[in-house]
Amino acid sequence: MRDTVSMVNDVTGATVSESQPVKSAERTIHILETLAASPTRMSLGELQEACGYPRSSLHALLRTLKELRWIEADETGSRYGIGTHALLTGTSYLDKDSVVSRAAAVLEALRSDVRHTVHFARRDEDSVIYLASRGSKLEVRRMHRVGRKLPCHVTALGQALLAELTTDEVTALLPEKLERYTENTIVDRDALIAELGQVRRRGWSLEQEQGTVGVVCIATVVPYRIPATDALSVSMPAEVASYPGELERIAAVLTDHAAAWARELRAEGVR
């Protein structure tokens with residue numbers, strides 16, 4: 001990334017003191033994050049509207065990022081998306097993180113016991129990032145890909161991790177307006193705070209079609225850090241939640257796996 005920033009600075013002619021944020025670096029990261037969040041490639045005009053940067057400097061940044069293969073353009077050269085070098089960086093994070101590298105075995109064992117789709121994620125401010133997943137062998141449906149980022153308030157994973165924080169910390173962290181994904185999404189901040197209280201008392205979170213219609217999720221933290229930064233979840237069709245005792249069975253299995261994994265991580269000195 002250092003080479004990228006250096007070249008971008010050369011293009012824009014930006015000069016700042018060491019104590020000040022490097023504007024071109026901030027803009028570069030914002031562009032990459034905007035492209036990563038978009039479901040389709042974006043035009044120069046769409047990027048300008050989303051980022052608010054002058055057209056001339058935005059064009060120069062895009063040209064530099066394209067030359068360095070951090071972004072790619074379509075056949076017309078007018079629409080941009082994330083490039084292969086961004087993928088290499090993300091893959092490097094997964095390969096080198098000491099906890100993510102241990103997640104595969106835990107997820108396989110958990111999936112075997114619950115027979116549903118399982119996820120491992122980490123909180124990033126007011127969002128969660130999916131770091132590993134294993135799909136159910138019994139259910140055919142779309143699951144969140146590794147690297148997908150979702151707001152904490154719409155996911156069981158995020159709610160479990162928010163419950164690790166104090167009410168004041170949660171209030172300061174959340175945006176003023178909570179985005180609605182479905183009719184069941186909790187968009188009232190006070191209602192969410194109340195729900196987090198339930199999560200603390202129960203030891204696990206329950207999200208019922210708040211993020212995706214037809215899907216119910218249970219999650220709990222992996223408590224090897226204080227406050228916890230990582231969580232495991234089980235995702236299942238909504239009708240499964242109506243089976244007598246099924247949610248409680250899954251929650252018990254999930255919390256047992258999370259606690260056992262946390263003990264292993266602490267014993268190995270992973271923090």
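Conventions and cut-offs
- Residues numbered from 1 in each chain as written.
- Predicted model: local features only at pLDDT ≥ 70, side-chain atom pairs only at ≥ 80, totals over all residues.
- Heavy atoms only, no water.
- Helix = DSSP H or I, 4+ residues; strand = E, 2+ residues; numbered from the N terminus.
- Buried < 20%, exposed > 50% of the residue type's maximum accessible area, 1.4 Å probe, protein only.
- Areas by Shrake-Rupley, 256 points an atom, 1.4 Å probe, with all protein chains shown as cover.
- Lys, Arg positive; Asp, Glu negative; His and termini not counted.
- Charge placed at Lys NZ, Arg CZ, Asp CG, Glu CD.
- pLDDT = per-residue confidence, 0-100.
- Contact = heavy atoms within 4.5 Å.
- Pairing = 2+ DSSP bridges.
- Axes fitted to C-alpha atoms, helices over the stretch in contact; angles between N-to-C directions.

A. Examining the overall build of the protein more closely. A count of helical and extended segments in the protein gives ten helices and nine strands. Reported as C-alpha extents along the three principal axes, the dimensions of the protein are approximately 65 × 45 × 40 Å. Here the protein, with 271 residues, has 45% of them falling under the buried criterion. For the protein, the accessible area works out to roughly 14300 Å², and carbon and sulfur atoms hold 51% of it. Positive and negative charge centroids in the protein, built from 33 and 37 side chains respectively, lie 3 Å apart.

B. Here's a closer look at the confidence of the model for the protein. Averaged over all residues, the pLDDT of the protein is 90; the fraction at 70 or higher stands at 90%. Averaged pLDDT values for the elements of the protein fall to 47 in helix α1 (residues 2-12) and rise to 98 in helix α7 (residues 156-162). Residue range residues 1-8 is modelled with pLDDT below 50. Its contacts to residues more than four positions away, or to other chains, number 15 contacts. Taken together, the stretch residues 11-16 has pLDDT below 50 and engages in nine contacts with residues farther than four places along the chain or on a different chain.

C. Structural view of unusual backbone geometry. Across the junction of Ile-226 and Pro-227, the peptide omega takes the value -10°, indicating a cis bond. Of note, Pro-227 is situated in the loop between β8 (215-221) and β9 (230-237). One non-glycine residue, Arg-115, lies in positive phi territory at about 65°. Within the element layout of this structure, Arg-115 appears in the loop between α6 (100-114) and β4 (117-124). Judged by relative accessible area, which is 45%, Arg-115 ranks as partly exposed. The backbone of Glu-209 shows a phi angle near 55°, a positive value even though the residue is not glycine. Relative to the elements of secondary structure, Glu-209 occurs in the loop between β7 (205-208) and β8.

D. Structural context of the sheet that holds β4. Read across the sheet, six strands follow the order β6-β5-β4-β9-β8-β7 without closing on themselves; strand pairing throughout is antiparallel. At either margin of the open sheet sits one strand with a lone partner, and together these are β6 (149-151) and β7. The sheet shows a mean angle of 30° between the axes of neighbouring strands, taken without regard to direction. In the sheet, strand β5 (residues 127-134) pairs with β6 via three bridges, with the strands oriented antiparallel. By the bridge assignment for β6, Val-128 is matched with Leu-150.

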